[in-house]
Amino acid sequence: MKIIYFHGFGSSGASGTVEMLRRLLPEAEVVAPDIPVDPLDALPYLRRLCEEEQPDVVIGTSMGGMYAHQMHGFKRICVNPAVNMSTMSKVLKTGEHKFYNGRKDNQKTFRITRETIQHHNQVERQQFKNLTDEDREQVYGLFGINDPVCHTYDLFHKHYPQCTRFEGEHRLNEKVLKKVVLPLIEQLCK
């Protein structure tokens, strides 16, 4: 089984979620890229990666969930997808930010500019266009009941019928992975 995991804003492919996935699914190959900061760079990069790797499932959390649902043609699990990054002023603020985890390029910080926010807005305006019935069938949205960051269930559910709420917050922990995400991965990979 091959899984591609898309991390959230300010994180990396070396996040704790990636470590947990690898530990809980030792037989699976978990590909976890460092996502470029600018969405106009990130989206084509992630599409190419999926085409090259041909994963059984793409999983994305938060901002990674926003990217994951746009990987047409693949089974996708979107956890607390931040489909409205450009309006999340508490998260996407201009200025210098520190990455939460180490990145392969050894960058410690990144800059968000007004242009970066405009690029997020541009991607967001296009993200639900031209969805097919196959897209709707291959995307699963998982939403933490106590998520203090993203409140996108209603918007996401308008486009994808397979949405579930779970007991949890914004970030994944081992309990939620075991109880909610792993059973869905098993179901999708049968």
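On a predicted model such as this, the values are computed, not experimentally measured, just so you know. (Residues numbered from 1 in each chain as written. Predicted model: local features only at pLDDT ≥ 70, side-chain atom pairs only at ≥ 80, totals over all residues. Heavy atoms only, no water.)

## Brief notes about the overall build of the protein chain
In terms of regular secondary structure, the protein chain is built from seven helices and eight strands. The C-alpha atoms of the protein chain give 15 Å as radius of gyration, which agrees with the globular expectation for 190 residues (16 Å, within 12%). Viewed in the frame of its principal axes, the protein chain has a C-alpha envelope of about 45 × 35 × 35 Å. When each of the 190 residues of the protein chain is scored for burial, the buried share is 55%. Taking the intrachain contacts of the protein chain between residues at least 6 apart in sequence as the baseline, contacts between residues at least 24 apart amount to 62%. For the protein chain, the exposed surface amounts to about 9600 Å²; the carbon and sulfur share of it is 46%. Taking the 25 positively charged and 24 negatively charged side chains of the protein chain as two groups, their mean positions are separated by 5 Å. (Helix = DSSP H or I, 4+ residues; strand = E, 2+ residues; numbered from the N terminus. Rg over C-alpha atoms; globule rule 2.2 N^0.38 Å. Buried < 20%, exposed > 50% of the residue type's maximum accessible area, 1.4 Å probe, protein only. Contact = heavy atoms within 4.5 Å. Areas by Shrake-Rupley, 256 points an atom, 1.4 Å probe, with all protein chains shown as cover. Lys, Arg positive; Asp, Glu negative; His and termini not counted. Charge placed at Lys NZ, Arg CZ, Asp CG, Glu CD.)

## Topic: the nonpolar core
Core analysis: the largest hydrophobic core is formed by 37 residues, its most contacted members being F6, Y67, M71 and F156. Within the residue set of this core, elements represented by two or more residues are β1 (2-6), α2 (39-53), α3 (63-68), β6 (109-112), α4 (114-126), β7 (139-144) and α6 (153-159). Considering each element in turn, this core owes the most residues, five residues, to α2. Setting aside residues up to four positions removed in sequence, F156 forms contacts with H69, C78, P81, V83, F128, V139, G141, F143 and C163. (Core = buried A, V, L, I, M, F, W, Y, C linked by side-chain atoms within 4.5 Å.)

## Notes on the sheet that holds strand β3 (residues 57-61)
Hydrogen bonding along the main chain pairs the strands of a sheet, whether they run parallel or antiparallel. An order of β2-β1-β3-β4-β7-β8 is seen for the six strands of this open sheet, with the pairing classed as parallel. In the strand order of this sheet, the two ends are held by β2 (29-31) and β8 (163-166), each with one partner. Across the sheet, the axes of successive neighbouring strands diverge by a mean angle of 20°, strand direction being ignored. In terms of strand pairing, strand β4 (residues 76-79) meets β7 through four bridges, oriented parallel. Considered in β7, the bridge of R76 is made with V139. Against the sheet, α2 makes contact with β1, β2 and β3, and its axis sits at roughly 170° relative to β1, the strand it touches most. (Pairing = 2+ DSSP bridges. Axes fitted to C-alpha atoms, helices over the stretch in contact; angles between N-to-C directions.)

## Section: the pattern of salt bridges
Tallied over the full model, the rule gives five salt bridges. Linking R111 and E96 is a salt bridge whose minimum nitrogen-to-oxygen distance equals 3.2 Å. Taken together, the residues R111 in strand β6 and E96 in strand β5 (residues 95-98) connect sequence positions 15 residues apart. Given a relative accessible area of 46%, E96 falls into the partly exposed group. A single network of salt bridges, built from pairs that share partners, joins R23, E174 and K178. (Salt bridge = Lys/Arg side-chain N within 4 Å of Asp/Glu carboxyl O.)

## Remarks on the environment of I145
Within the secondary structure, I145 sits in the loop between β7 and α6. Sequence separation between I145 and K178 is 33 residues, and the spatial gap between their C-alpha atoms is 17 Å. Apart from residues no more than four positions distant in its own chain, I145 is found in contact with R165, F166, E167 and G168.

## Description of helix α7 (residues 174-189)
Helical geometry: 3.6 residues make up each α-helical turn, so side chains three or four residues apart lie on a common side. Considering bend angle alone, the principal kink of α7 is centred on V181 and spans about 35°; proline P183 follows within four residues of it. Turning to α7, its buried residues number three or more, namely V176, L177, V180, V181, L182, L184, I185 and L188. Close packing links the buried residues of α7 with β1, α1 (16-24), β3, β4, β7 and β8. N-cap assignment for α7: the residue whose side-chain oxygen lies 3.1 Å from the backbone N of K175 is N173. (Bend = angle between axes of the 7 residues up to and from the residue. Polar contact = N/O pair within 3.5 Å; in protein donor to acceptor, adjacent residues only side chain to side chain.)

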